[in-house]
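Chain by chain, the residues:
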Amino acid sequence: MKIAQISSIYQYTPSQLYGSAQGIVHSLSSYLAENGHDITIFGLKNPDISYHENIKFVSLFPSIVHNGLYSRIPQIVHFNHSILEIFKENFDVIHNHIVTPGLFEGSLISLLKPKFLTTLHNNPPFSTRGDIIYQKILSNSVCVAISNNQKNLLETNLNIKGVVHNGIDPLYYTYSQEKEDFLLCLGALAYWKGTHIAVKVAQETNTELIIAGPIQDLEYFNNRIKPHLSSSIKYVGLISEIEKKDLLSKCKSLIFPVLAEEPFGVVALEALASGSPVLTFNKGALSEIISNGKTGYVCTSYSEMVEKCNHLSLIHPNVCRKEIINKFSSESMSQQYDLLYKTL
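Below, the structure is looked at part by part. Just so it is clear, the model here is predicted, and its values are computed rather than measured. (Residues numbered from 1 in each chain as written. Predicted model: local features only at pLDDT ≥ 70, side-chain atom pairs only at ≥ 80, totals over all residues. Heavy atoms only, no water.)

1. Side note on the packing of helix α1 (residues 21–34) against helix α13 (residues 330–341)
The line we're drawing: Angles here are taken between N-to-C directions and fall from 0 to 180 degrees, while the axes themselves are lines fitted to C-alpha atoms, restricted in helices to the stretch in contact. Segments assigned H or I by DSSP are reported as helices when at least four residues long, segments assigned E as strands when at least two residues long, and all are numbered from the N terminus. Working definition: roughly parallel below 35 degrees, roughly antiparallel above 145 degrees, roughly perpendicular at 65 to 115 degrees, and oblique for all remaining angles. We call two residues in contact whenever any of their non-hydrogen atoms come within 4.5 Å of each other. Residue polarity is assigned by list, with Asp, Glu, Lys and Arg as charged and Ala, Val, Leu, Ile, Met, Phe, Trp, Tyr, Cys and Pro as nonpolar; anything else, Gly included, falls into the polar class.
Look at α1 against α13: their axes get within 9 Å of each other, and the N-to-C directions meet at 70 degrees. Compared by their axis directions, α1 and α13 come out roughly perpendicular. Contact residues: α1 offers I24, S27, L28, Y31 and L32, while α13 offers S330, E331, M333, S334, Q335, Y337, D338 and Y341. Partitioned by chemical class, the residues of the contact of α1 with α13 number 7 nonpolar, 4 polar and 2 charged.

2. Some points on unusual backbone geometry
Threshold: When accessible area is computed with a 1.4 Å probe and restricted to protein chains, residues below 20% of their type maximum are described as buried, those above 50% as exposed, and intermediate ones as partly exposed.
The omega torsion of the bond from T13 to P14 falls at 0 degrees, within 30 degrees of zero and hence cis. Its location among the elements puts P14 in the loop between β2 (12–13) and α1. Residues other than glycine seldom take positive phi values, yet N206 does so here, at roughly 55 degrees. Owing to a relative accessible area of 72%, N206 belongs among the exposed residues under this scheme.

3. Description of the sheet that holds strand β13 (residues 253–256)
Keep this limit in mind: Here a strand pair is declared whenever DSSP counts at least two bridges between the two strands.
Spatially, the 6 strands line up as an open sheet ordered β12-β11-β10-β13-β14-β15, and their pairing is parallel. The open sheet has two edge strands, β12 (233–235) and β15 (296–299), and neither has a second partner. On average, each strand axis in the sheet is inclined to that of its neighbour by 20 degrees, with strand direction left out of account. As paired elements, strand β10 (residues 182–186) and β13 share 2 bridges and run parallel to each other. Bridged to L183 within β13 is S253.

4. Here we look at the packing of aromatic side chains
Condition: In summary, the pairing rule links any two rings of Phe, Tyr or Trp, Trp by its six-membered ring, whose centres are within 6.5 Å, and it sorts them by plane angle into stacked for under 30 degrees, edge-to-face for over 60 and tilted for everything else. Working rule: Lys NZ or Arg CZ, within 6 Å of ring centre, within 35 degrees of ring normal, means a charge sits over the ring.
This model, assessed by the stated rule, comprises 7 aromatic pairs. Taken together, a centroid distance of 6.4 Å and an interplanar angle of 70 degrees make the contact between F264 and F328 edge-to-face. Taken together, the residues F264 in the loop between β13 and α9 (266–273) and F328 in the loop between α12 (317–327) and α13 connect sequence positions 64 residues apart. The burial state of F264 is the same as that of F328; both residues are buried. A cation over an aromatic ring shows up here: K200 above the ring of Y302, its NZ or CZ 4.7 Å from the ring centre. For the cation-ring pair, K245 lies above Y172, with the distance from its terminal atom to the ring centre recorded as 3.9 Å.

5. Re the environment of L158
Position of L158 relative to the elements: it lies in the loop between α5 (148–154) and β9 (160–163). Taking relative accessible area as the criterion, L158 reaches 8% and is therefore assigned buried. Here the alpha-carbon distance between L158 and C143, two residues 15 residues apart in the chain, equals 7.1 Å.

6. Concerning the pattern of salt bridges
Inclusion rule: By salt bridge we mean one thing: a side-chain nitrogen of Lys or Arg within 4 Å of a carboxyl oxygen of Asp or Glu.
In this structure the tally under the stated criterion is 13 salt bridges. Of the charged contacts in the structure, one is a salt bridge between E89 and K56, with a shortest N-O distance of 3.9 Å. Residue E89 is found in the loop between α2 (72–87) and β6 (93–96), and its partner K56 is found in strand β5 (residues 55–58); the two are separated by 33 residues along the sequence. K342 is the partner of D338 in a salt bridge, and the nearest nitrogen-oxygen pair spans 3.0 Å. Under the relative-accessibility criterion, D338 is labelled buried at 11%. Through salt bridges with shared partners, a single network forms among K2, K56 and E89.

7. A few points about the environment of I146
Relative to the helices and strands, I146 is located in the loop between β8 (142–145) and α5. Separated by 131 residues in the primary sequence, I146 and S15 place their C-alpha atoms 19 Å from one another. For I146, the contacting residues outside a window of four places in its chain are T119, L120, H121, V163, V164, H165, N166, P263 and F264.

8. A word on empty space enclosed by the protein
Selection criterion: For each structure, a 1 Å grid was placed over the protein atoms alone; sets of points admitting a 1.4 Å probe that cannot get out are labelled cavities, open sets with protein on both sides within 12 Å along at least five of seven lines are labelled pockets, and lining residues have an atom within 4 Å of a point. Grid points are joined across faces, edges and corners, and a volume is the space filled by probe spheres set on the points.
Under the defined criterion, the tally for this structure stands at 2 cavities of 30 Å³ or more. Along its surface, the largest cavity is lined by C185, L186, G187, A188, L189, K193, T195, I211, A212, I255, F256 and P257. Elements with a contribution of two residues or more to the lining of the largest cavity: β10, β11 (208–212) and β13.

9. Concerning the side chain of S274
Relative to the helices and strands, S274 resides in the loop between α9 and β14 (278–281). Excluding residues within four positions of it along the chain, S274 makes contact with Y173, T174, Y175, S176, K179, L248 and S249.

Set out below in structure tokens:
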């Protein structure tokens, strides 16, 4: 099949950041290319990555567009340019991975039915003023949820064809059974990500904490995180892939205390692939990823998270790793999409 993948211009595909949708697009495209499909990614090529010969890139933008003020406009231009380019070729499937309200998106993609598919990497804001715009756009697309929780949340508004959990390549990650006595909090620093809760848990359990990731909310960081930084509570900023894999393999647990309905949480998969359990709250799809008491702890309160932090040694690294191999591999994810394409 000839397949178009519409990715973002906010990051490379795959990204140099953590847990992004662009990594999923790359894994999926690589699998499809290796199995004989011709893939065109409408997005930005990562200069540090070698791609399969069946993968090509198309983009109006030569480099990353930074996600700041008015940044939605370039993404709209990118999306509409991608659709116009797609009209020039006879694609069997158009798989979209971005949702940005634009002036012409709805009418353009309606002409591509029924072979237009959108994976919902985030929950569209149906509770805001933009809900009518989003619903109009997505009503022209078959949608795929990335978790059962997300499907249940959105299926009254959207045509959700099914659920495909995100997947990763376990061989990409460094596996270790030997753990060091520190917690790792990896991802954007923002209130809804619960970084401040990770700090409190580490302080109450007298455990070292390493925080890594971009500062999404500077006021939040300055008020809720920075005052607590010390020799045992460290913020190391943005880290490389090599550093990320090293920390994931060594930490005694990833602490992921999200406060919002997280539609998935790829970083949790990355921890498990590294043999490290995950300490999280029962929010969004986390209970679908973490087997409570087996690959980590899905907590219902802060006090329970503090308690479970003292039981992390009961989780075996090999069990965590096998969970990815058996349930959340990129190969399994890609096979499910391949089958889904054939039903369009």
